[in-house]
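Secondary and tertiary structure notes
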Amino acid sequence: MSSSTPPHIDQPIAPAESAQPTAATPAQHGAVAHSDGGWDAPSSGKDIPVQTRSERPQSGDIDAFPTVTGREVNWKFAPLAKLQPLLDGGLDGSAYPFLARQSDGADVEWGRSDDPRVGTAGLPEDRAAAAAWTARDAVLAVTVKATEAHEFITLTRSDFGTQPRAAHTVITAEAHAQGIVVLDNRGSALLSENIEIVVRDGARLTVVSLQDWDDDAVHVSTHFAEVGRDAFLKHVVVSLGGDVVRVNPSTHLGAQGADTEMYGVYFADAGQYIEQQVYVNHDAPNTRGRVNYKGALQGQGAHTVWIGDVLIGRDGSGTDSYEQNRNLVLTDGTRADSIPNLEIETGDIEGAGHASATGRFDDEQLFYLQSRGVPEEEARRLVVLGFLVEVIQKIGAPELEERLIVAVEQELQEGRTVLAAPETEAASA
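Residues numbered from 1 in each chain as written. Predicted model: local features only at pLDDT ≥ 70, side-chain atom pairs only at ≥ 80, totals over all residues. Heavy atoms only, no water.

**Some thoughts on the overall build of the protein chain**
Secondary structure summary: the protein chain contains 5 helices and 19 strands in total. Relative to its 429 residues, the protein chain shows a buried fraction of 55%. (Helix = DSSP H or I, 4+ residues; strand = E, 2+ residues; numbered from the N terminus. Buried < 20%, exposed > 50% of the residue type's maximum accessible area, 1.4 Å probe, protein only.)

**A word on the sheet that holds strand β17 (residues 335-344)**
The strand order across the open sheet built from 9 strands is β2-β3-β5-β7-β9-β11-β13-β15-β17, with neighbouring strands paired in mixed fashion. In this open sheet, the two edge strands, each paired with only one partner strand, are β2 (106-111) and β17. Mean inter-strand twist for the sheet, computed between neighbouring axes without regard to direction, equals 10°. Here strand β3 (residues 139-144) runs beside strand β5 (residues 164-173); their pairing, made up of 5 bridges, is parallel. Across the sheet, Thr143 pairs through a bridge with Thr172, a residue of β5. (Pairing = 2+ DSSP bridges. Axes fitted to C-alpha atoms, helices over the stretch in contact; angles between N-to-C directions.)

**Some points on the pattern of salt bridges**
Think of it this way: side chains of opposite charge can pair up when their charged atoms draw near. Scanning the entire structure with this criterion turns up 20 salt bridges. The closest approach of N and O atoms between Arg288 and Glu261, which form a salt bridge, is 3.3 Å. Taken together, the residues span a long stretch of sequence, with Arg288 in strand β14 (residues 288-297) and Glu261 in strand β12 (residues 259-268) at a distance of 27 residues. A relative accessible area of 15% means that Glu261 is categorised as buried. Of the charged contacts in the structure, one is a salt bridge between Asp337 and Arg335, with a shortest N-O distance of 2.7 Å. For Asp337, a relative accessible area of 14% corresponds to the buried category. (Salt bridge = Lys/Arg side-chain N within 4 Å of Asp/Glu carboxyl O.)

**What about unusual backbone geometry?**
Despite not being glycine, His176 has its phi angle at roughly 70°, a positive value. Owing to a relative accessible area of 58%, His176 belongs among the exposed residues under this scheme. Even without glycine at this site, Asp230 takes up a positive phi of about 55°. Note on placement: Asp230 falls in the loop between β9 (218-227) and β10 (232-239).

**Focus on the packing of helix α3 (residues 363-370) against helix α4 (residues 376-392)**
α4 packs onto α3 with a crossing angle of 130° between their chain directions and a minimal axis gap of 9 Å. Between α3 and α4, the angle falls in the class oblique. Between α3 and α4 lies a crossing whose hand is right-handed. Judged by residue contacts, Gln365, Leu366, Leu369 and Gln370 of α3 engage Glu376, Ala379, Arg380, Leu382 and Val383 from α4. (Parallel < 35°, antiparallel > 145°, perpendicular 65-115°, else oblique. Left-handed = near helix turned anticlockwise from the far one by under 90°. Contact = heavy atoms within 4.5 Å.)

**Concerning the pairing of β14**
Of all 10 residues in β14, 8 are buried; the element is thus mostly enclosed. Inspection of the sheet shows β12 paired to β14 by 10 bridges, in the parallel sense. Paired with Asp259 across the bridge in β14 is Arg288. Looking at chain direction, β14 and strand β16 (residues 320-329) are connected through 10 bridges and run parallel. Within β16, the position partnered with Asn292 by the bridge is Gln324.

**Observations regarding the packing of aromatic side chains**
By the definition in use, this model includes 7 aromatic pairs. Ring centres 4.7 Å apart and planes at 50° place the aromatic pair Tyr96 and Phe160 in the tilted group. Here Tyr96, found in the loop between α1 (80-87) and β1 (98-102), pairs with Phe160, found in the loop between β4 (151-157) and β5; they are 64 residues apart in sequence, far enough to count as distant. For Tyr96, a relative accessible area of 3% corresponds to the buried category. Three or more aromatic residues joined by ring pairs make a cluster, and in this case those are Tyr96, Phe98, Trp110, Phe160 and Trp213. In this structure, Arg246 packs its charged tip against the face of Trp75, placed 3.7 Å from the ring centre. (Phe/Tyr/Trp six-rings, centres within 6.5 Å; stacked < 30°, edge-to-face > 60°. Lys NZ or Arg CZ within 6 Å of the ring centre and 35° of its normal.)

Worth remembering: the numbers are spatial, not functional.
Dropping the structure here:
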């Protein structure tokens, strides 16, 4: 990996094409819109707000989105006071240092803000993403080439600092390429970012976003994925560290045979807020989607939010889709919000469903282990590990999976995360 200084990055420019917000449907029979929701409803509250994920406005311009009040469906749980610096605009979107490990068939380079790859996978759907989009002054482009090998690249980012920052990353898997990209986030940060993922026809790509921030970090991240014909994307979100972490991944299955598996693992400690809003858009025939997120909570004020949206469009004949969320509550004083949503516009599908559950330890499991001589503390540890490891093992990278298992054990013991750094990393800036 070259350590040369990145090229000059120009000032941000407006996106070539920005979708305008959809006009809200007028209220009927004198009905007044509920205050909950309304991405595009005026402050008068007389228009019916947007109720489904597919109808959200999309734009790369921060001014296309009104000020966030906390009454909106997609913001109603979030601690806005901590997020406010990322919603006001004026973020620093310049290039930042990172560490990289990569195989020969994977490239990473800095591009200009007007890089033609920007916008390939989607556009922002909320003010935080639009603020980062508007502020970008550099684009980090990651390319997985089509070779005979299974390519890999790991980017470790730990030098964002404590000032409001923006970042923009475009990850592209060439046609018939195969590989894994890991974004390993550490240190302190006040960051809003957009990550675009493009999986070309016939490619197979795994993208892992690991949030191991320091306790003071605030991180808002929006992922847009476009999956091509007969291509496959495995998307994994692991959120363990940070004060406020909000990662919202969306995948558009816009070509026949497109396939995605979206996994998530999170562990919230006292006072920590972790949120995920997941969206799968089945927009072509014979597509497949699987969503499985699991989380654990311990400590006073630990709060997690999972919102899962699945749209099966009119062209989604033959769709096979399922989403689920499971939360394990370890102590009193925690809160887990879990909201699955399913929108179907065609009846010609293979199957679709969703599930959500939040609960405490299974007493029968604990009794079984204790009856065989396992101490209660160790029994609880084994139950939590068994609950979360099911998803961790889906990553398909043994070294990373081992690190995450150690991190979960550390969470159980000390209420914080410590991940061992990889043995070798090449510096890049």
